[in-house]
Amino acid sequence: MLREEILDPQFRYESEHLLPFYVRIERALVAEYARMELVTPEQAAELDGLLAGATKDVLAANQQSTMSDIAFALERHVEAGLSAPVPAWHVDRSRNDLQACAQLMFGRARLVEAAEHLLEFEAAARALAARTADRPMPGYTHHQAAQIITPGFHLAALSEHVQHTLRRLLATYESLDACPLGAGAMSGQELAWDRDRLAGLLGFGRVQPNALTSVASRAWALEITAEFGVFGVTLSRFATDLLAWGSSEYGFIDLPDELCGISSAMPQKKNFPVLERIRGRSAHLSSFHLDASLGQRNTPYSNTVEVSKEAGAYVNQSFETLRSTLRLFTEVLRHLDFDTDRMARVCAREFLGGFSLANSLTLTEDIPWRRAQVIAGRYVVAASEAGLAPADTDPELLREAAATQGLVLRDPAGTLGDAFDVERALLRMKSSGSTHPEAVADALRAQGAERERLVKEWQDRAVDARGTGESADGSDTAHGAV
């Protein structure tokens, strides 16, 4: 029963996901045994060669005789292949720091993969933003048409969020880039292990200074899943906007048929279930963090199965869910089409220049801002009741609206000006970060430069996380060797 419920599933999981890291660690430890002259160069070379040949299929063959434990399986595999016993191999060792190190290396490597998916998604968002930065569309506040923006302006916000997440994950990477190897069971080891050298062989930036923290902490799992959860919230909000824009009431976007669905009962409908999948799937990212948090809270601060195994049961699923969600969303952005004419028509039918009119009343007629807002609002109501389109401005209605406030306008026609002109709405914005097409272009250029920096930062970390180092005999132990 224990094999079925605990040991065998754990062995399969670790063979599939952690074995390469266990092998890298064991080979680094052999290099240390050789440095301390506890094994001969010939013994070190034989040990290293046998470790390099340890695959999941090889270890599975002896699974029953090794209590379905990945560390014992590796040990048994090597011992069975040695030409003669090596007594000092595995002296002064514990599985606790071995396991903690392998799990951390796994998390570090998966984090690099996550960054690559985020960078791909960011590129798709920024490319679409650049193509649509001059297409007017209504922006909404409180679910009501508010001001004129563009899809490019909206998508530039999305790509900025992605870069923000990539920066936060860089900080997360730095916080977990500390090697726990050499901590032993919890209090350190008796031999003079060169922990700095071990950290370097495994691509870590530094050593975890406290032995207890090395084996007790799985804060890295909490931090990574927390960042994924926060980002998942942002993804869901942008997906919500796309779901609204794709509805028949808006009709602003379209996707190729291959990314769409139909109703089995209502053939006139073209649905976007992929957006529903994206939004629904992003919710799991928050739940995985909650699971990791609840799995660790109220546990003793030491090595325990509860923290090292159960609390991290869904960490890999968190990485997989982020990958899948981003893959779907990236494909959506690559094929998303905006209906420029329909967006422009909606902008033209709404009185989205009310803010501009209030500004004009203050700046050209010297009317205090709050009173200017009231006048602008009364003008919009009067024009709507008169059946006027926003572009069909009526200076007399504005004069009457001002009169209700006891004010006489000097130049109502000039004050109205182009306040309700759809094209001018974008060009009136002067502040940096605005929806003005040039401001969006500036923001995207800045994002492009930041992307180059982020790509370089993550490429540097990929080299360490995926494996370069030195074997027991001084040869290369790059990722392919394990």
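Residues numbered from 1 in each chain as written. Predicted model: local features only at pLDDT ≥ 70, side-chain atom pairs only at ≥ 80, totals over all residues. Heavy atoms only, no water.

Novice: Please explain the overall build of the chain as it appears in this structure.
Specialist: Assigned secondary structure in the chain consists of 20 helices and eight strands. Across its three principal directions, the C-alpha atoms of the chain cover 105 × 55 × 40 Å. When burial is assessed residue by residue, the chain has 47% of its 482 residues classed as buried. Of the contacts formed within the chain by residues at least 6 apart in sequence, a portion of 75% connects residues at least 24 apart. Carbon and sulfur atoms provide 52% of the accessible area of the chain, an area that totals close to 22500 Å². Positive and negative side-chain charges of the chain, numbering 48 and 66 respectively, have mean locations separated by a distance of 4 Å. (Helix = DSSP H or I, 4+ residues; strand = E, 2+ residues; numbered from the N terminus. Buried < 20%, exposed > 50% of the residue type's maximum accessible area, 1.4 Å probe, protein only. Contact = heavy atoms within 4.5 Å. Areas by Shrake-Rupley, 256 points an atom, 1.4 Å probe, with all protein chains shown as cover. Lys, Arg positive; Asp, Glu negative; His and termini not counted. Charge placed at Lys NZ, Arg CZ, Asp CG, Glu CD.)

Novice: What is the right way to look at the packing of helix H6 (residues 95-131) against helix H20 (residues 437-466) in this model?
Specialist: A packed helix pair is summarised by two numbers, namely the angle formed by the two axes and the spacing between the axes. Running from N to C, H6 and H20 cross one another at 160°; their axes reach a closest spacing of 10 Å. In terms of orientation, H6 and H20 fall into the roughly antiparallel class. Handedness of the H6/H20 crossing: left-handed. Broken down by class, the residue content of the contact of H6 with H20 amounts to 14 nonpolar, two polar and nine charged. (Axes fitted to C-alpha atoms, helices over the stretch in contact; angles between N-to-C directions. Parallel < 35°, antiparallel > 145°, perpendicular 65-115°, else oblique. Left-handed = near helix turned anticlockwise from the far one by under 90°. Nonpolar A, V, L, I, M, F, W, Y, C, P; charged D, E, K, R; others polar.)

Novice: Where do I start with a nonpolar patch on the surface in this structure?
Specialist: On the surface, Met 1, Leu 2, Ile 6 and Leu 7 cluster together to form a nonpolar patch covering roughly 420 Å² of accessible area. Considering the arrangement of structural elements, one finds Met 1 in the segment before helix H1 (2-17). (Patch = residues over 30% accessible without salt bridge, like charges linked within 9 Å, V, L, I, M, F, W, Y side chains within 5 Å. Salt bridge = Lys/Arg side-chain N within 4 Å of Asp/Glu carboxyl O.)

Novice: Explain the confidence of the model for the chain here, please?
Specialist: Scored by pLDDT, the chain has a mean of 94; 96% of the residues are at 70 or more. Note that pLDDT drops below 50 for residues 468-482; the model gives that stretch 34 contacts with residues more than four away or on any other chain. (pLDDT = per-residue confidence, 0-100.)

Novice: Please explain helix H11 (residues 273-296) as it appears in this structure.
Specialist: The periodicity of an α-helix, 3.6 residues per turn, causes residues three or four positions apart to be oriented the same way. With 24 residues, H11 extends 36 Å from end C-alpha to end C-alpha; this agrees with the ideal 34 Å at 1.5 Å per step. Listed in full, the buried residues belonging to H11 are Val 274, Leu 275, Ile 278, Ser 282, Leu 285, Phe 288, Ala 292, Gly 295 and Gln 296. As for H11, its buried residues are in contact with helix H10 (219-245), strand S5 (253-254), helix H12 (305-308) and helix H13 (315-335). Two residues or fewer past H11, Asn 298 is found with a positive phi of approximately 60°. (Expected span 1.5 Å × (residues − 1).)

Novice: Looking at this model, I keep getting lost on unusual backbone geometry. Mind explaining?
Specialist: Excluding glycine, a negative phi dihedral is what most residues carry, and trans is how most peptide bonds are arranged. Unlike most non-glycine residues, His 142 shows phi in positive territory, near 55°. By secondary structure assignment, the location of His 142 is in the loop between strand S1 (137-141) and strand S2 (144-149).

Novice: Sorry if this is basic, but what is going on with the packing of aromatic side chains here?
Specialist: Each aromatic ring pair is summarised here by two numbers: the centre-to-centre distance and the angle between the ring planes. Overall, the coordinates contain twelve aromatic pairs when judged by the stated rule. Each ring, one from Phe 355 and one from Trp 369, has its centre 5.9 Å from the other, and the planes form 80°; the classification is edge-to-face. With Phe 355 in helix H15 (residues 354-365) and Trp 369 in helix H16 (residues 369-385), the pair connects residues that are 14 residues apart, well separated along the chain. Ring centres of Tyr 379 and Phe 420 lie 6.0 Å apart, and the angle between their planes is 35°; this geometry places the pair in the tilted category. Highlighted residues: Tyr 379 in helix H16 and Phe 420 in the loop between helix H18 (412-416) and helix H19 (422-427), separated in sequence by 41 residues. Exposure class is identical for Tyr 379 and Phe 420. Each is buried. Three or more aromatic residues link up through ring pairs in this structure, and these residues are Phe 106, Phe 228 and Phe 319. Positioned over the ring face of Phe 204 is Arg 108, at 4.0 Å from the centre of the ring. (Phe/Tyr/Trp six-rings, centres within 6.5 Å; stacked < 30°, edge-to-face > 60°. Lys NZ or Arg CZ within 6 Å of the ring centre and 35° of its normal.)

Novice: Help me understand the nonpolar core, please; the structure alone is not making it clear to me.
Specialist: For soluble globular proteins, the rule of thumb is that nonpolar side chains tend to be buried together. With 103 residues, the main nonpolar core has Phe 329 and Leu 333 as its most contacted residues. In terms of residue count, H6 provides more of this core than any other element does, 18 residues in total. Apart from the residues lying within four places of it in its own chain, the contact partners of Phe 329 are Phe 121, Leu 235, Phe 238, Ala 239, Leu 242 and Ile 278. Ranked by size, the runner-up nonpolar core spans 19 residues in total, among them Leu 357, Ile 367, Ala 401 and Ala 402. (Core = buried A, V, L, I, M, F, W, Y, C linked by side-chain atoms within 4.5 Å.)

Novice: What's the story with the pattern of salt bridges in this structure? I'm lost.
Specialist: Think of it this way: side chains of opposite charge can pair up when their charged atoms draw near. If you walk through the whole model with that rule in mind, you get 32 salt bridges. A salt bridge links Glu 116 to Arg 466; the nearest nitrogen and oxygen atoms lie 2.8 Å apart. Separated by 350 residues along the polypeptide, Glu 116 in helix H6 and Arg 466 in helix H20 bring together distant segments of the chain. Taking relative accessible area as the criterion, Glu 116 reaches 36% and is therefore assigned partly exposed.

Novice: Help me understand the pairing of S2 in this model?
Specialist: A regular strand places its side chains so that they alternate between the two faces of the sheet. As paired elements, S1 and S2 share five bridges and run antiparallel to each other. When the bridges of S2 are listed, Tyr 140 appears paired with Ala 145. Hairpin connection, S1 to S2: the antiparallel pair is bridged by two residues, and His 142 has positive phi, about 55°. (Pairing = 2+ DSSP bridges.)

Novice: Please clarify how the UniProt feature "domain: Fumarate lyase N-terminal" (unreviewed entry) in the chain should be interpreted in this entry.
Specialist: Mapped onto this numbering, the UniProt entry gives "domain: Fumarate lyase N-terminal" (unreviewed entry) at residues 68-282. Measuring from the first to the last C-alpha atom of residues 68-282 gives 34 Å, for a span that is 58% helix and 10% strand. (UniProt positions renumbered as here; feature names shortened; annotations may be inferred.)

Novice: I'm lost on the environment of Pro 209 in this one. Help?
Specialist: Mapping Pro 209 onto the fold places it in the loop between strand S4 (206-207) and helix H9 (211-216). Judged by its relative accessible area of 73%, Pro 209 is exposed. Separated by 44 residues in sequence, Pro 209 and Ile 253 have C-alpha atoms that sit 54 Å apart.

Novice: Sorry if this is basic, but what is going on with the environment of Ala 145 here?
Specialist: Looking at where Ala 145 falls in the secondary structure, it is placed in strand S2. Judged by relative accessible area, Ala 145 falls into the partly exposed class, the value being 27%. For Ala 145 and Leu 352, which are 207 residues apart along the polypeptide, the C-alpha to C-alpha distance reads 7.3 Å. Residues in contact with Ala 145, not counting those within four places in the same chain, are Pro 138, Gly 139, Tyr 140, Glu 350 and Leu 352.

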